[in-house]
Amino acid sequence: PKVFLDAGGRGFAAWTLRGEAYARRFEPTGGWGETTLFTPEAGWSFSGWGDLAFDAAGEALLVWPQTQGSIGPTRVWSARYAGGRWSALGAVSTGSGSAVNPHVGIDGSGVGTATWNESQAGIASARWERGAWGAPRLVVSVPSAGPVRLAVSAGGDAMVTWRESAENGPSRAYAAR
């Protein structure tokens, strides 16, 4: 499981079990709420680690990879927590390869940014604005990029970092803003 807390002490625990994803809300004044089950589409299963970010009002964006079959492509999916409940799942990544290692952040105005490693392409990103994800775009074309990390400031600046391994040398860290 992973756990996420906002500045007010509200939080979520999130985990996968047998291909399904779960989230459970925590409120400082009321304790743990009901567990929400995210059922994947037919033929898909949740895998790996999800990520979650809160906005200033305690609403959240959750991103998670789903895999089609045991060796099929992987895509990043998302749900929004607002008004005390989760939205339906929707696709964030749309590439034909595998999208793995998703991260998400939200700025002070509620605009979200997600980033992930896109196999055979590099590092991709998409923005959440006005209730929908925009089209993904390639941030950097480095097919061998190591796992990405994302930070988003309250003012809307986003920075992604990754590592690249040299064939016969040390790894190096890189960043894009």
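These numbers come from a predicted model, not from an experiment.

*Asks:* I'd love a proper account of the side chain of N117, names of residues and values included.
*Replies:* One can find N117 in strand β12 (residues 112-118). Looking at N117, its side chain comes within polar contact range of the side chain of N101, at 3.3 Å. Within the structure, N117 has its side chain in polar contact with the backbone nitrogen of V148 (distance 3.3 Å). In this structure, N117 is in contact with S98, A99, V100, N101, G122, I123, A145, G146, P147 and V148, ignoring residues within four places of it in sequence.

*Asks:* Explain the sheet that holds strand β17 (residues 158-165) residue by residue, including any values.
*Replies:* Strand pairing in a sheet relies on backbone hydrogen bonds. The paired strands run either parallel or antiparallel. One open sheet holds the three strands; their spatial order is β16-β17-β18, and the pairing between them is antiparallel. Lying at the two open borders of the sheet, with one neighbouring strand each, are β16 (149-152) and β18 (171-176). For this sheet, the mean angle separating the axes of adjacent strands, direction not counted, is 20°. In terms of strand pairing, β17 meets β18 through six bridges, oriented antiparallel. Its bridge partner being in β18, W162 is matched across the sheet by Y174.

*Asks:* Can you break down the sheet that holds strand β4 (residues 31-38) residue by residue, with the values?
*Replies:* Taken in spatial order, the four strands make up an open sheet running β1-β2-β3-β4, and their pairing is antiparallel. The outermost strands of the open sheet, each flanked by one partner alone, are β1 (2-5) and β4. Averaged over all pairs of adjacent strands, the angle between their axes in this sheet comes to 20°, without regard to strand direction. Note: strand β2 (residues 11-17) against strand β3 (residues 20-27), seven bridges, orientation antiparallel. Among the inter-strand pairings, G11 is bridged to a residue of β3, identified as F26.

*Asks:* Lay out the packing of aromatic side chains in plain terms, naming residues and giving numbers.
*Replies:* The geometry of an aromatic ring pair is captured by two quantities: the separation of the ring centres and the angle between the planes. The tally for this structure, following the rule as stated, stands at 11 aromatic pairs. Geometrically, the ring pair formed by W44 and W77 is edge-to-face, given 6.1 Å between the ring centres and 75° between the ring planes. In this pair, W44 is assigned in strand β5 (residues 44-46) and W77 in strand β8 (residues 74-82), connecting sequence segments 33 residues apart. You'll find W44 and W77 in the same group, each marked buried. Summarising the aromatic geometry, the rings of W128 and W133 are spaced 5.6 Å apart at their centres and angled 65° between planes, so their arrangement reads as edge-to-face.

*Asks:* Can you tell me about unusual backbone geometry, naming the residues and giving the values?
*Replies:* The phi torsion at R18 lies on the positive side, around 50°, for a residue other than glycine. The topology assignment puts R18 in the loop between β2 and β3. The phi torsion at R130 lies on the positive side, around 55°, for a residue other than glycine. With respect to the helices, strands and loops of the structure, R130 is situated in the loop between β13 (122-129) and β14 (132-133). For R130, a relative accessible area of 78% translates into the label exposed.

*Asks:* Could you give an account of the pattern of salt bridges, naming the residues involved and the relevant values?
*Replies:* A side chain with one charge can pair with a side chain of the opposite charge if their charged atoms come near. Enumeration according to the criterion identifies six salt bridges in this entry. D157 is the salt-bridge partner of R177, the closest N and O atoms lying 3.0 Å from each other. Of the two residues, R177 is situated in the segment after β18 and D157 in the loop between β16 and β17; the sequence distance between them amounts to 20 residues. Overall, the relative accessible area of 72% leaves R177 in the exposed class. Here D157 falls in the partly exposed class, since its relative accessible area comes to 39%. Put simply, D55, E59 and R80 are held in one network by salt bridges that share partners.

Criteria and thresholds
- Residues numbered from 1 in each chain as written.
- Predicted model: local features only at pLDDT ≥ 70, side-chain atom pairs only at ≥ 80, totals over all residues.
- Heavy atoms only, no water.
- Helix = DSSP H or I, 4+ residues; strand = E, 2+ residues; numbered from the N terminus.
- Polar contact = N/O pair within 3.5 Å; in protein donor to acceptor, adjacent residues only side chain to side chain.
- Contact = heavy atoms within 4.5 Å.
- Pairing = 2+ DSSP bridges.
- Axes fitted to C-alpha atoms, helices over the stretch in contact; angles between N-to-C directions.
- Phe/Tyr/Trp six-rings, centres within 6.5 Å; stacked < 30°, edge-to-face > 60°.
- Buried < 20%, exposed > 50% of the residue type's maximum accessible area, 1.4 Å probe, protein only.
- Salt bridge = Lys/Arg side-chain N within 4 Å of Asp/Glu carboxyl O.

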